[in-house]
Amino acid sequence: MKRSGEMKRDLAGNDSTPLYAGVKQVILDRIHSGEWPPKYRVPSENELVVELGVSKMTANRALRELANEGELVRIQGVGSFVAERKGYSALFEVRNIAEEIAERGHVHEASVVILARETASPEIADALELAIGAAVFHSLIVHSENGVPVQIEDRFVHPEAAPEYLEQDFTTLTPNAYLTAAAPLSGSEHVVEAAMPQAWECKLLTILKSEPCLTIRRRTWSAKQVVSTARLVYPGYRYRLEARSGKMFDD
């Protein structure tokens, strides 16, 4: 890693660009040079403030935009990490659950609980970059593998990104597959958390209240527009997320 003084000089060399853009470029230079490889933990907001002499707001915007652009993966309470390059099987890859299940030789089924036009709550409006109370599309789907529920997909979609979303049959086509075709993915943001399920989630997943779950909060972009925000809930003992990269050698 470059020392603090060297990074400050890199930033100072970009006088014609906004500070946050200069911070982004410093980080991108480290990534593209290979100095910070995939899964490398990049400096935190507070560390960037000290190293580059910028405000916390500037550092936050730089990290947030790099995550939106798919260069970083931000995990709440843990930090920001360099995203896997294309060609690797990554934990944070945006995959179609139906394809994952089919690859295991199993049968995928989907049950649509909600598919409706709703008004955006403050939280959803912020995630989709819309006004509070604006129209959004909401789907709640339970995905099963060989008849056993393995994922709740609670998704809100920006109507302009996929105007025909509510007309789809999501028992035969997954939202992932439809949105990938309607608004090709250009970036994503993920937050991974361990959580205890809510009562209604227990009913949909047919699990006990004491069963821990893994939750992924995911936002996706197409070009510069937010397409959707989704909360994916997995029963911890039925489903495993894993990542592997590089070539594996026998001893």
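Quick summary incoming for the structure in this document. The structure presented is a predicted model; accordingly, all values stated were derived computationally and were not measured. (Residues numbered from 1 in each chain as written. Predicted model: local features only at pLDDT ≥ 70, side-chain atom pairs only at ≥ 80, totals over all residues. Heavy atoms only, no water.)

Those residues of helix 7 (residues 175-182) that fall on the buried side of the exposure criterion are Pro-175, Asn-176, Tyr-178 and Leu-179. Burial along helix 7 is one-sided: seen end-on, the buried residues are contained in an arc of 165°. Residues of helix 7 that are buried in the fold lie against strand 4 (135-145), strand 5 (148-157) and strand 8 (225-235). (Buried < 20%, exposed > 50% of the residue type's maximum accessible area, 1.4 Å probe, protein only. Helix = DSSP H or I, 4+ residues; strand = E, 2+ residues; numbered from the N terminus. Arc of directions from axis to C-beta. Contact = heavy atoms within 4.5 Å.)

Overall, antiparallel pairing links the six strands, which are arranged 3-4-5-8-7-6 in an open sheet. The open sheet is flanked by strand 3 (108-119) and strand 6 (187-195), the only strands paired with a single partner. Recorded for the sheet is a direction-independent mean angle of 15° between the axes of neighbouring strands. Where helix 4 (residues 56-68) meets the sheet, it contacts strand 6 and strand 7 (213-222), and its direction lies at approximately 100° from that of strand 6. (Pairing = 2+ DSSP bridges. Axes fitted to C-alpha atoms, helices over the stretch in contact; angles between N-to-C directions.)

Looking now at unusual backbone geometry. In this structure, Asn-146 takes a positive phi of about 55° despite not being glycine. Given a relative accessible area of 47%, Asn-146 falls into the partly exposed group. The residue Thr-206 is not glycine, and still its phi comes out positive at about 50°. Relative to the helices and strands, Thr-206 resides in the loop between helix 8 (199-205) and strand 7. We classify Thr-206 as exposed; its relative accessible area is 52%.

Let's shift gears to the packing of helix 3 (residues 45-52) against helix 4. Remark: helix 3 packs on helix 4, axes separated minimally by 9 Å, with the N-to-C direction vectors making an angle of 120°. Here helix 3 lies oblique to helix 4, going by the angle between them. In the crossing of helix 3 with helix 4, the sense of the turn from one axis to the other is right-handed. The segment helix 3 lies against helix 4, with Glu-45, Asn-46, Leu-48 and Val-49 engaging Lys-56, Ala-59, Asn-60 and Leu-63. A per-class count over the contact of helix 3 with helix 4 returns four nonpolar, two polar and two charged. (Parallel < 35°, antiparallel > 145°, perpendicular 65-115°, else oblique. Left-handed = near helix turned anticlockwise from the far one by under 90°. Nonpolar A, V, L, I, M, F, W, Y, C, P; charged D, E, K, R; others polar.)

Our next topic: the packing of helix 2 (residues 19-32) against helix 4. One can describe the packing of helix 2 onto helix 4 by two numbers: an axis separation of 8 Å at closest approach and a directional angle of 55°. In terms of orientation, helix 2 lies oblique with respect to helix 4. Read as a crossing pair, helix 2 and helix 4 show a hand that is right-handed. Contacts between helix 2 and helix 4 involve Leu-19, Tyr-20, Val-23, Lys-24, Ile-27 and Leu-28 from the first element and Thr-58, Arg-61, Ala-62, Leu-63, Glu-65 and Leu-66 from the second. Residue composition of the contact of helix 2 with helix 4, grouped by class: eight nonpolar, one polar and three charged.

In this section: the nonpolar core. Counting 15 residues, the largest nonpolar core has Val-23, Ile-27, Leu-48 and Leu-72 as its most contacted members. Counting residues per element, the ones that place at least two in this core are helix 2, helix 3 and helix 4. For Leu-72, the residues in contact, after removing those within four places along its chain, are Ile-31, Val-42, Leu-63, Leu-66, Ala-67, Ser-80, Phe-81, Val-82 and Ala-83. Core analysis: the next-biggest nonpolar cluster, separate from the first, contains twelve residues, Ile-141, Ala-162, Ala-183 and Val-227 among them. (Core = buried A, V, L, I, M, F, W, Y, C linked by side-chain atoms within 4.5 Å.)

This part covers the packing of aromatic side chains. For the coordinates displayed, the defined rule picks out four aromatic pairs. For the ring pair Trp-36 and Tyr-40, a centre distance of 5.5 Å and an interplane angle of 15° mean the geometry is stacked. The exposure class assigned to Trp-36 is buried, which follows from its relative accessible area of 1%. Ring plane angle 65° and centroid distance 6.5 Å describe the contact between Phe-170 and Tyr-178, whose orientation is recorded as edge-to-face. Looking at Arg-61, its charged tip hangs above the ring of Tyr-20, at a distance of 3.7 Å from the centre. (Phe/Tyr/Trp six-rings, centres within 6.5 Å; stacked < 30°, edge-to-face > 60°. Lys NZ or Arg CZ within 6 Å of the ring centre and 35° of its normal.)

Our next topic: the side chain of Arg-155. Among the secondary structure elements, Arg-155 is positioned in strand 5. A distance of 2.8 Å separates a polar atom in the side chain of Arg-155 from a polar atom in the side chain of Ser-228. In this structure, Arg-155 is in contact with Phe-137, His-138, Ser-139, Tyr-165, Pro-175, Leu-179, Ser-228, Thr-229 and Ala-230, ignoring residues within four places of it in sequence. (Polar contact = N/O pair within 3.5 Å; in protein donor to acceptor, adjacent residues only side chain to side chain.)

What follows is about the pairing of strand 7. Of all ten residues in strand 7, eight are buried; the element is thus mostly enclosed. Here nine bridges tie strand 6 to strand 7, and the two strands are oriented antiparallel to one another. Counterpart to Gly-187 in the pairing with strand 7 is Trp-221. A loop of two residues connects strand 7 with strand 8, the two strands running antiparallel in sequence, and Ala-223 in this loop sits at a positive phi of about 60°.

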